[in-house]
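# Breakdown of the fold
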Amino acid sequence: MKYYLNHLEELESESIFILREVAAQFENPVILFSGGKDSILMVYLAIKAFYPAKVPFPLLHIDTGHNFPEALEYRDWLVKHYNLRLIIGSVQKAIDEGKVKEERGYNASRNALQTYVLLDELEKGKYDAALGGGRRDEEKARAKERFFSHRDEFGQWDPKNQRPELWNLFNGRKHFGEHFRVFPISNWTELDVWRYLAAEEFPLPNLYFAHKRNIFERDGVLLADCEYITRKPEEIVKEEMIRCRTIGDMTCTGVWRSTASTIEEIIQEVATSRLTERGGRSDDRRSETSMEDRKKQGYF
């Protein structure tokens, strides 16, 4: 009898195949880890792909210094629980050393400063492949990425000059100093991610579930009140039930009003939402092409 894979099993199989291709084609890969659900999914798939051996890639976290504390606690638990290797690139250290200049003002964010630190860490570690948790449904710039996305010797991306990917053939050839960004979960949607994590019962940061937090509204985006954001006089802090749909720097990661306290409730919420998960990211609102501009410079 012929066995047919269901949709999630096909996605899992594709991602695991790509992870194993990376191990076969590259000498020194690294997983870019943010503490968000997509990078968590990628780590979990890597654990499955190489079990019972250890995950052969270290995790690289670019720490802005303005993270949600819960995300850092989860990161440290994950690394310890699964015996993973963790490398941390510090934006604060780069600021202290005068390598990058911190933004000032109400809309100041360290999000863009991650690019320099990321490229510096990739250079120091001599990594020839950096696996990211980007998905094509997230944002129009990410929809342009191949599974194996070439970066030049300066870490930059040219969306108009990418290699064809026919069937399951991936071309990882490169010149010295160049590297690849690899996106094993490109074909997953936000709903796919949640349904898979629900089926696998994999633990997640409590930020994704409804909880009470002090928030305020700025330009239609709800932001978590914290010491890293300077509020305008008219911005009033209120305590509300919210949750995160994405996790990043607190200064630009919008939160969502929600009562979804279980994965099943989150799945229902996502399935009926007409807003994308990055609709609450203020860094994406700086210009029409803000994500693509950052990616061309070497961003995730």
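Above this text you will find the structure in question.
These notes cover the structure that comes with them. (Residues numbered from 1 in each chain as written. Predicted model: local features only at pLDDT ≥ 70, side-chain atom pairs only at ≥ 80, totals over all residues. Heavy atoms only, no water.)

This part covers the packing of aromatic side chains. Under the counting rule described, the total for this entry stands at eleven aromatic pairs. Taking the centre distance of 4.6 Å and the plane angle of 45 degrees together, the rings of tyrosine 44 and phenylalanine 202 count as tilted. Residue tyrosine 44 is found in helix H2 (residues 37–50), and its partner phenylalanine 202 is found in the loop between helix H6 (190–200) and strand E7 (211–218); the two are separated by 158 residues along the sequence. Note on accessibility: tyrosine 44 and phenylalanine 202 belong to one class, buried. Look at tryptophan 188 and tyrosine 196: their rings are 5.2 Å apart centre to centre, the planes differ by 90 degrees, and that puts the pair in the edge-to-face class. Exposure class is identical for tryptophan 188 and tyrosine 196. Each is buried. In this structure an aromatic cluster arises from ring pairing among Tyr44, Tyr74, Trp77, Tyr82, Trp188, Tyr196 and Phe202. (Phe/Tyr/Trp six-rings, centres within 6.5 Å; stacked < 30°, edge-to-face > 60°. Helix = DSSP H or I, 4+ residues; strand = E, 2+ residues; numbered from the N terminus. Buried < 20%, exposed > 50% of the residue type's maximum accessible area, 1.4 Å probe, protein only.)

Next up on the list: the packing of H6 against helix H7 (residues 263–272). Two elements in contact, H6 and H7, have axes whose closest approach is 10 Å; the angle formed by their N-to-C orientations is 165 degrees. It follows from the interaxial angle that H6 and H7 lie roughly antiparallel. The hand of the H6/H7 crossing is left-handed. Residues Glu190, Leu191, Trp194, Arg195, Leu197 and Ala198 of H6 form the contact with H7, whose participating residues are Ile263, Ile266, Ile267, Val270 and Ala271. (Axes fitted to C-alpha atoms, helices over the stretch in contact; angles between N-to-C directions. Parallel < 35°, antiparallel > 145°, perpendicular 65-115°, else oblique. Left-handed = near helix turned anticlockwise from the far one by under 90°. Contact = heavy atoms within 4.5 Å.)

The grouping of Leu166, Trp167 and Leu169 at the surface amounts to a nonpolar patch, some 420 Å² of accessible area in total. Checked against the element boundaries, tryptophan 167 lands in the loop between strand E5 (148–151) and strand E6 (179–182). The exposed category is assigned to tryptophan 167, whose relative accessible area is 74%. (Patch = residues over 30% accessible without salt bridge, like charges linked within 9 Å, V, L, I, M, F, W, Y side chains within 5 Å. Areas by Shrake-Rupley, 256 points an atom, 1.4 Å probe, with all protein chains shown as cover. Salt bridge = Lys/Arg side-chain N within 4 Å of Asp/Glu carboxyl O.)

Another point: empty space enclosed by the protein. By the definition in use, this model includes two cavities of 30 Å³ or more. Estimated volume of the second largest cavity: approximately 30 Å³. Around the second largest cavity, the lining residues are Arg146, Phe148, Arg163, Pro164, Glu165 and Asn171. Residues belonging to the lining of the second largest cavity are distributed by class as follows: two nonpolar, one polar and three charged. (1 Å grid on protein atoms, 1.4 Å probe; cavity = no way out; pocket = protein on both sides within 12 Å on 5 of 7 lines; lining within 4 Å. Points joined across faces, edges and corners; volume = space filled by probe spheres on them. Nonpolar A, V, L, I, M, F, W, Y, C, P; charged D, E, K, R; others polar.)

Looking now at the sheet that holds E6. Two pairing modes exist for strands in a sheet, parallel and antiparallel, and in both the strands are linked by backbone hydrogen bonds. On the basis of which strands lie adjacent, the open sheet formed by six strands has the order E3-E2-E1-E4-E6-E5 and mixed pairing. The open sheet has two edge strands with one neighbour each: strand E3 (86–90) and E5. Adjacent strand axes in the sheet meet at a mean angle of 30 degrees, parallel and antiparallel pairs treated alike. Alignment of strand E2 (residues 59–63) against E3, held across five bridges, turns out to be parallel. Bridging from a neighbouring strand, aspartate 63 pairs with serine 90 of E3. Packed on one face of the sheet, helix H1 (residues 7–25) meets strand E1 (29–32), strand E4 (129–131), E5 and E6 and runs near 40 degrees to E5. (Pairing = 2+ DSSP bridges.)

Moving on, we get to the side chain of glutamate 190. Note on placement: glutamate 190 falls in helix H6. For glutamate 190, a relative accessible area of 6% corresponds to the buried category. Polar side-chain contacts of glutamate 190 include one of 2.7 Å to the side chain of arginine 245. If we ignore the near neighbours within four places in the chain, the residues touching glutamate 190 are Lys37, Arg135, Asp137, Arg245, Val270 and Glu277. (Polar contact = N/O pair within 3.5 Å; in protein donor to acceptor, adjacent residues only side chain to side chain.)

This part covers the nonpolar core. With 65 residues, the main nonpolar core has Ile31 and Phe148 as its most contacted residues. In terms of residue count, H2 provides more of this core than any other element does, ten residues in total. With residues up to four places along the chain from it excluded, the contact list for isoleucine 31 reads Met42, Val43, Ala46, Val55, Phe57, Pro58, Leu59, Leu60 and Leu131. Counting residues in hydrophobic clusters, the runner-up holds 14 residues, among them Leu32, Leu60, Ile95 and Leu118. (Core = buried A, V, L, I, M, F, W, Y, C linked by side-chain atoms within 4.5 Å.)

Across its 19 residues, H1 extends 27 Å between first and last C-alpha, which sits within 8% of the 27 Å expected from 1.5 Å per residue. In this structure, the buried side of H1 is in contact with E1, H2, E4, E5, E6 and H6. The distance from a side-chain oxygen at the start of H1 to the backbone nitrogen of leucine 8 is 3.1 Å, and the residue carrying that oxygen is asparagine 6. (Expected span 1.5 Å × (residues − 1).)

Looking now at unusual backbone geometry. Looking along the chain, the bond that leaves tyrosine 51 and enters proline 52 is cis, with omega of 10 degrees. Along the chain, the position of proline 52 falls in the loop between H2 and E2. A positive phi angle, near 55 degrees, is found at asparagine 83, a position not held by glycine. Tracing the chain through its elements places asparagine 83 in the loop between helix H3 (69–81) and E3. One non-glycine residue, lysine 126, adopts positive backbone phi at about 55 degrees. Note on placement: lysine 126 falls in the loop between helix H5 (114–125) and E4.

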